[in-house]
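Below are the chains, spelled out letter by letter.
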Amino acid sequence: MRTILAAAAVSLLLIVVYLALGGASYAPARVADPCAVRSWRNTQGLQQTAEQIVLSGLDGAACKLHVSREDMVLAFASRDALARFARAHHVSAQQLDELVRAGLLRSIGDAENAGALNSTIASLLRGLVHRFPIEQLISVLQRLTGI
């Protein structure tokens, strides 16, 4: 019986602490505006630089389509998701590719200007962006960055 009373007291205490810390007024975090200018943060290594390039590139495409960057990331989860996204936003797969490609090229330039990439690596990345299908690039970059 004491065990039940102790468990009930601990449960009640947990609820009181939860409410005292603002648990009753939870509001989800706002999604960042993909059109907002973001400063290039200092990165440590290739993985963080690649992550920032991908997110910045997706921001550019998301801004043009008036959607969130998170929606863009989810669109590249699979071919079906990409097709649904394109239909929902009245763009062709080619237009979507062009938007993401332009965003990636811009973000590579931003990384180079910020000193996160040297000109040789930046040129190599630009060549990859120009030559490979966007789906494959995003897939590789997502695996590299863990996005």
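Residues numbered from 1 in each chain as written. Predicted model: local features only at pLDDT ≥ 70, side-chain atom pairs only at ≥ 80, totals over all residues. Heavy atoms only, no water.

**Q** I tried to follow the environment of Ile 108 on my own but got confused; where do I start?
**A** Assignment of secondary structure puts Ile 108 in helix α5 (residues 93-113). The spacing of Ile 108 and Thr 49 is 59 residues in sequence and 9.5 Å in space, taken between C-alpha atoms. In this structure, Ile 108 is in contact with Ile 53, Leu 117, Ala 122, Leu 125, Arg 126 and Val 129, ignoring residues within four places of it in sequence. (Helix = DSSP H or I, 4+ residues; strand = E, 2+ residues; numbered from the N terminus. Contact = heavy atoms within 4.5 Å.)

**Q** When you look at the packing of helix α2 (residues 46-65) against α5 in this model, what are you seeing that I'm missing?
**A** Relative orientation of the contacting elements α2 and α5 amounts to 135°, with a least axis distance of 7 Å. One element, α2, and the other, α5, form an angle in the oblique class. When you trace α2 past α5, the crossing you get is right-handed. Contacts from Ile 53, Val 54, Ser 56, Gly 57, Leu 58, Gly 60, Ala 61, Lys 64 and Leu 65 of α2 reach α5 at Leu 96, Leu 99, Val 100, Gly 103, Leu 104, Arg 106, Ser 107, Ile 108, Asp 110 and Ala 111. Its residues assigned to classes, the contact of α2 with α5 comprises 11 nonpolar, 5 polar and 3 charged. (Axes fitted to C-alpha atoms, helices over the stretch in contact; angles between N-to-C directions. Parallel < 35°, antiparallel > 145°, perpendicular 65-115°, else oblique. Left-handed = near helix turned anticlockwise from the far one by under 90°. Nonpolar A, V, L, I, M, F, W, Y, C, P; charged D, E, K, R; others polar.)

**Q** Teacher, can you tell me more about the pattern of salt bridges here?
**A** When the charged atoms of two side chains lie near each other, side chains of opposite charge can form a pair. A full pass over the atoms with the stated rule returns 3 salt bridges. Note that Asp 59 and Arg 69 form a salt bridge whose closest N and O atoms lie 3.2 Å from each other. With Asp 59 in helix α2 and Arg 69 in helix α3 (residues 69-75), the pair connects residues that are 10 residues apart, well separated along the chain. Of the two residues, Asp 59 and Arg 69, both sit in the buried class. (Salt bridge = Lys/Arg side-chain N within 4 Å of Asp/Glu carboxyl O. Buried < 20%, exposed > 50% of the residue type's maximum accessible area, 1.4 Å probe, protein only.)

**Q** Explain a nonpolar patch on the surface to me, please; I cannot follow it from the model alone.
**A** A surface patch of nonpolar side chains, about 400 Å² in accessible area, is lined by Met 1, Ile 4 and Leu 5. Inspection of the secondary structure assignment puts Leu 5 in helix α1 (residues 2-20). (Patch = residues over 30% accessible without salt bridge, like charges linked within 9 Å, V, L, I, M, F, W, Y side chains within 5 Å. Areas by Shrake-Rupley, 256 points an atom, 1.4 Å probe, with all protein chains shown as cover.)

**Q** So what exactly am I meant to see when it comes to the confidence of the model for the protein here?
**A** Segments scoring low in pLDDT should not have their predicted coordinates read at a detailed level. On average, residues of the protein score 81 in pLDDT, and 93% of them are at 70 or above. Taken element by element, the protein is modelled with least confidence in helix α7 (residues 134-145), mean pLDDT 70, and with most confidence in helix α6 (residues 119-131), mean pLDDT 90. (pLDDT = per-residue confidence, 0-100.)

**Q** Can you help me understand α6 in this one?
**A** Every α-helical turn comprises 3.6 residues, leaving residues that sit three or four positions apart pointing alike. Taking 1.5 Å of rise per residue, the 13 residues of α6 would be expected to cover 18 Å, and the 18 Å separating its terminal C-alpha atoms lies within 8% of that figure. Those residues of α6 lying buried are Ala 122, Gly 127 and Val 129. Along α6, the residues classed as buried sweep out an arc of 165° about the axis, all on the same side. Residues of α6 that are exposed and angled more than 90 degrees away from the buried face: Thr 120, Leu 124 and Arg 131. (Expected span 1.5 Å × (residues − 1). Arc of directions from axis to C-beta.)

**Q** I keep staring at the packing of α5 against α6 and nothing clicks. Help me out?
**A** Relative orientation and spacing of two packed helices are given, respectively, by the angle between their axes and the distance between those axes. Interaxial distance between α5 and α6 falls to 10 Å at its minimum, and their mutual angle equals 180°. Taken together, α5 and α6 sit at an angle that is classed as roughly antiparallel. On α6, the residues touching Arg 101, Leu 104, Leu 105, Ile 108, Gly 109 and Glu 112 of α5 are Ser 119, Ala 122, Leu 125, Arg 126, Val 129, His 130 and Arg 131. Across the contact of α5 with α6, the residue classes break down as 6 nonpolar, 3 polar and 4 charged.

**Q** Help me understand unusual backbone geometry, please; the structure alone is not making it clear to me.
**A** Negative phi values dominate among residues other than glycine, just as trans dominates among peptide bonds. For His 66, which is not glycine, the phi torsion reads 60° and is therefore positive. Position of His 66 among the secondary structure elements: in the loop between α2 and α3. The exposure class assigned to His 66 is exposed, which follows from its relative accessible area of 73%. Its identity is not glycine, yet His 90 carries a phi of approximately 55°, on the positive side. Mapped onto the elements of the fold, His 90 is located in the loop between α4 (79-88) and α5. On the basis of relative accessibility, which here comes to 72%, the residue His 90 falls in the exposed class.

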